[in-house]
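Read off the chains here:
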Amino acid sequence: METKGRLALVAALVAILVALAGLAVLWWSVSRPGAPGNDQVQLAPVRTGLPWPIALAFSPDGRVFFAERFSGRIQVLGNTTILDSTFFAIPEIASSGEQGLLGLAVDPNFPNRPYVYVYYTRDDAANGTVYNRIVRIRSSGSIGIGMDVLRDRIAASTIHNSGVIEFGPDGKLYALVGDAANSASAQDLSGPNGKVLRINPDGTVPSDNPFVGRPGADADVYTFGHRNMFGIAWSPGTHAGYVSENGPQDSDEINLLIPGGNYGWPNVRGIARTPPYLDPIIAYTPVIVPTNAAFYTATIPAASRGHLIVGSFNDHRLHEIALTADGTGVIRETFLATAPDGILDVEMGLDGMLWLTTPSGIYRLAPVPVNSTPMAGSGIIGWMGLVSTVVAGHPWRRPLLSRGSERTPPRKP
Ligand SMILES: [Ca+2]
């Protein structure tokens, strides 16, 4: 071939390569999470086939912990090449009805303050008793090496143990404690049942708790008059706390927490307009069995940012609640996604995505790449080998329970 011809061939090859590179850049720019026009999310399994992963906790060092309700195991989530590993196994788990390992939190200063916090129901066989307690596990490297009891012998029952624990933006540990089937306890300030508790990470009482110094009051109490709660979340804007609360056959509630507030149970429930009891910002009849909650801080979908997202055990949906600017009222409620089963935990992960758990799996809401069919092995969201299912219209979607239908008593957490 003569020189001229070879030059023309090289030029043509270079042109093709440049064109391919341009197409690749274009594809990447419209496919990457956060790209303009990419405003869809899909529920993607992170891990399935798990035994009741009731709670997630995200460590500042990047690890994801999850708690298995019945085995008492606290697991560290691996990835496609590293298997899940056991951080610690809580002994003597009681598992009747709604009991079990119920709550999990990682210290916000981990690993400088190397603790993982747990709320669980203890089967104290030696003394023939069952009760709830809050403990913290001391961590060394990748495993827990011992357990300190922060709050012991909280009355338990087969129902209404609540059990979610979370750190608030104030660095305090909040614990949701149900009425343990003794509704009168919720109005009795001398004990922890039917309360939201607020404690220091070492188990001591915060000096600014609302009932510090009140004779006969349990100084850990933050709010009272609660029945059975499975969710707590704080607004990143106002730092206000919200709990989700389960009613009986009616009146599930979302309550805005005011320190020292009385939320009415068992004297009133739902929107009661009966001072001094504080009304919920929204109530549900028939019930949905609201579970854990989080304020949505992901970038996609943009319209959901700042909304309160609450899981439902009954209808499997993420309820998306737009609040008024002052956070005291509800503008509207929509649905962000539907899970394949009842939703247990709902958390914002350190990866910026919303995570949830069901009785058998861990999922997260991942961006849908534009012009890309969601499928197994997508490199865009595939760091855990996710298999994706499009949220809108996917085959897991199930109808809401019909209005007025009697709720099946909780097999719930
Ligand atoms: Ca109430």
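Here the structure is a predicted model, which is why all the values come from computation and not from measurement.

Structurally, T324 is set in the loop between β20 (317–323) and β21 (330–338). Judged by its relative accessible area of 28%, T324 is partly exposed. Spatially, the C-alpha atom of T324 lies 10.0 Å from that of H307, the residues being 17 residues apart in sequence.

A separate point is the coordination of the calcium ion. In an ideal tetrahedron of four donors about a metal, each angle is 109.5 degrees. In an ideal octahedron of six donors, the angles are 90 or 180 degrees. All of the protein donors around the calcium ion are E253 (OE), E253 (OE) and Y263 (O); their distances to the metal are 2.3 to 2.5 Å. Of the two residues, E253 sits in strand β16 (residues 252–256) while Y263 sits in the loop between β16 and β17 (282–284), which places them ten residues apart along the sequence.

By definition, the strands of a sheet pair up through backbone hydrogen bonds, in either a parallel or an antiparallel sense. Taken in spatial order, the four strands line up as β1-β24-β23-β22 in an open sheet, and their pairing is antiparallel. Where the open sheet ends on each side, the last strands, each with one partner, are β1 (41–48) and β22 (346–348). Across the sheet, the axes of successive neighbouring strands diverge by a mean angle of 25°, strand direction being ignored. As paired elements, strand β23 (residues 354–358) and strand β24 (residues 361–367) share four bridges and run antiparallel to each other.

Further remarks concern the environment of T204. Mapped onto the fold, T204 is located in the loop between β12 (195–199) and β13 (221–224). Residue classification places T204 among the partly exposed residues on the basis of a relative accessible area of 39%. Considering only alpha carbons, one finds T204 and A219, 15 residues apart in sequence, at a separation of 9.7 Å. Side chain to side chain, T204 and D202 meet in a polar contact 2.6 Å long.

Further remarks concern the pattern of salt bridges. This model, assessed by the stated rule, comprises 16 salt bridges. Residues E68 and R73 are paired through a salt bridge, measuring 2.9 Å at the closest nitrogen-oxygen approach. A residue is classified by how much of its surface remains accessible, and R73, at 32% relative accessible area, is partly exposed. With a shortest N-O distance of 3.1 Å, D170 and R198 are connected by a salt bridge. Of the two residues, D170 sits in the loop between β10 (162–167) and β11 (173–177) while R198 sits in strand β12, which places them 28 residues apart along the sequence. What makes D170 partly exposed here is its relative accessible area of 35%. A cluster of three or more residues bridged by salt bridges with shared partners is formed by E92, R122, D124 and R153.

To continue, consider the sheet that holds strand β3 (residues 64–68). Spatially, β2-β3-β4-β5 is the arrangement adopted by the four strands of the open sheet, whose pairing is antiparallel. Each edge of the sheet is formed by a strand with only one pairing partner; in this case those strands are β2 (53–58) and β5 (85–89). Adjacent strand axes in the sheet meet at a mean angle of 25° when their direction is disregarded. In this structure, β3 lies alongside strand β4 (residues 73–76), joined through three bridges in antiparallel fashion. The residue of β4 that forms the bridge with A67 is I74.

Let's shift gears to the environment of P276. Structurally, P276 can be placed in the loop between β16 and β17. According to the relative accessible area criterion, P276 is exposed, its value standing at 62%. Along the chain, P276 and G261 lie 15 residues apart, while their C-alpha atoms are 8.6 Å from each other.

Conventions and cut-offs
Residues numbered from 1 in each chain as written. Predicted model: local features only at pLDDT ≥ 70, side-chain atom pairs only at ≥ 80, totals over all residues. Heavy atoms only, no water. Helix = DSSP H or I, 4+ residues; strand = E, 2+ residues; numbered from the N terminus. Buried < 20%, exposed > 50% of the residue type's maximum accessible area, 1.4 Å probe, protein only. Donors = N, O, S within 2.8 Å, 3.2 Å for Na, K, Ca; no water. Pairing = 2+ DSSP bridges. Axes fitted to C-alpha atoms, helices over the stretch in contact; angles between N-to-C directions. Polar contact = N/O pair within 3.5 Å; in protein donor to acceptor, adjacent residues only side chain to side chain. Salt bridge = Lys/Arg side-chain N within 4 Å of Asp/Glu carboxyl O.

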